[in-house]
Amino acid sequence: MSSSPRLRSALAANFGGLPRPFWIVFAGMIANRIGTMVVPFLVFYLGSRGITTAQTGGIVVALGVGGMFGPMLGGSLADRIGRRPAVIIGLVATPAGLGALLAAPGPLTLGVAAALLGLTSGIYRPAASALVGDVVGTELRGKAFSLLHWGFNIGTAVASAGAGYLAARGFWLLFLLDGATCLLYAAIVLVGIPKDLPRPKVAKASGGYGVVFRDRLMVAYLGLSVLGITIYTQTEFTIPLAIRDNGLSPAVYGLVGVANAALVVALQPVLYGRLAKLPRVKVLAASWALIGLGVASTGLAHQAWQYLPTVAIWSLGEVVNGVVAGAIVADIAPEEARGRYQGALSWVWSTARLAAPIIAVGLFTTVGPAALWWGCAVVGLITAAATVRLTAAVERRVNPPQAETKVLEPAL
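Along the chain, threonine 56 falls in helix α4 (residues 53-81). Leave out the neighbours within four places in its chain, and threonine 56 touches Val43, Leu46 and Ile51.

This is the structure in structure tokens:
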């Protein structure tokens, strides 16, 4: 009998208090993520088309380049025309990129289509994050962005489980499901998010990113994020290289992915309540240290089972990061520029994802993997220490001193 109140209390702590528009974004994001199958299986799709390894590399780079511009466009649109229409535009445009990639007849057109897909698929994310920042107050933003990260991983786990099965029966099924879930997400937003959500104040020339890059605090945050995210994205590029170099089966990397998703889904609801009581910037710093040390410990793994403890360390770092990273950006951004601030953070992710394989291959083939692993550890710890130094500046931005407020009151 006593367990029921405790369960209700736990559910309220992890899921309660958030407004309906947030849950609309949350549900649509999971639906969309379940269908996100084309990009993870792009290399296999191109192989089925007879595309060479060199040509595949060029097409993947084109996808990454397009992905660098999509978030910037999405953030700008979110601040100019509103969050809701920007989300819908991005989600409706993405199936066009998918269709172009499916129909492209040769390597050159595949590269163009991949760049288009990278562009269109990146538009909705900063707009959706800005929408969440608008409708969720400062105290609950950590919870909201933590749940988004949690739901993202639930969708990823389901997609990973089903994509291989569908690909074996025809890659066109991946394209169909991916496009359909984008349109489903657009329909959920169209029906579920009211048109009359509060709009941010739009100043003249508000579409530019000068407001972001003139903000020294945000520039420092982005610079440190580039370092941390570049280490994290080594999990997508360098760990497969390490597994291959150890003579292990690709199935081991599949095990790594399953373990990561399972740990994130299991740990995030458990840890949120504890982490929410701590200063966000210091929690973020701890995440970069865990990610750096976890990825670096991959160098100690030589058998399949030895990869599991390393995955546990950097997955814990991912959970901790997911609780606070997006919320910090929403906290420090001016209301009228929240879309561009989220767009800049998404751009950093795209840039790091493009840089990570270049760094990984470069170090692996020149000075050797040990330099990469040591580099991840050192850079992770340096990034963590530098992030801690932002604590006071973020606190002043989020909670300005009362004295400053009183000086301004007579002028209002």
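Structure's up, so let's keep going.
What follows is about the environment of valine 87. Assignment of secondary structure puts valine 87 in helix α5 (residues 83-103). On the basis of relative accessible area, valine 87 is assigned to the buried category, the value being 2%. Separated by 82 residues in sequence, valine 87 and arginine 169 place their C-alpha atoms 32 Å apart. Setting aside its immediate chain neighbours within four residues, valine 87 contacts Tyr124, Ala127, Ala128 and Val189.

A separate point is the packing of helix α16 (residues 338-365) against helix α17 (residues 369-388). Contact geometry of α16 with α17 gives a least axis separation of 6 Å together with a crossing angle of 135°. In this view, α16 runs oblique relative to α17, as classed from their interaxial angle. Here α16 contributes Ile359, Ala360, Leu363 and Phe364 to the contact with α17, which in turn contributes Pro369, Leu372 and Trp373. Of the residues that constitute the contact of α16 with α17, the class distribution is seven nonpolar, no polar and no charged.

Here the focus is the pattern of salt bridges. Enumeration according to the criterion identifies seven salt bridges in this entry. Arginine 83 is paired through a salt bridge with aspartate 79; the nearest N and O atoms lie 2.6 Å apart. The buried category is assigned to aspartate 79, whose relative accessible area is 0%. Of the charged contacts in the structure, one is a salt bridge between aspartate 134 and arginine 338, with a shortest N-O distance of 2.6 Å. Within this pair, whereas aspartate 134 is found in helix α7 (residues 124-135), its partner arginine 338 is found in helix α16, the two being separated by 204 residues in sequence.

The rules we used
- Residues numbered from 1 in each chain as written.
- Predicted model: local features only at pLDDT ≥ 70, side-chain atom pairs only at ≥ 80, totals over all residues.
- Heavy atoms only, no water.
- Helix = DSSP H or I, 4+ residues; strand = E, 2+ residues; numbered from the N terminus.
- Contact = heavy atoms within 4.5 Å.
- Buried < 20%, exposed > 50% of the residue type's maximum accessible area, 1.4 Å probe, protein only.
- Axes fitted to C-alpha atoms, helices over the stretch in contact; angles between N-to-C directions.
- Parallel < 35°, antiparallel > 145°, perpendicular 65-115°, else oblique.
- Nonpolar A, V, L, I, M, F, W, Y, C, P; charged D, E, K, R; others polar.
- Salt bridge = Lys/Arg side-chain N within 4 Å of Asp/Glu carboxyl O.

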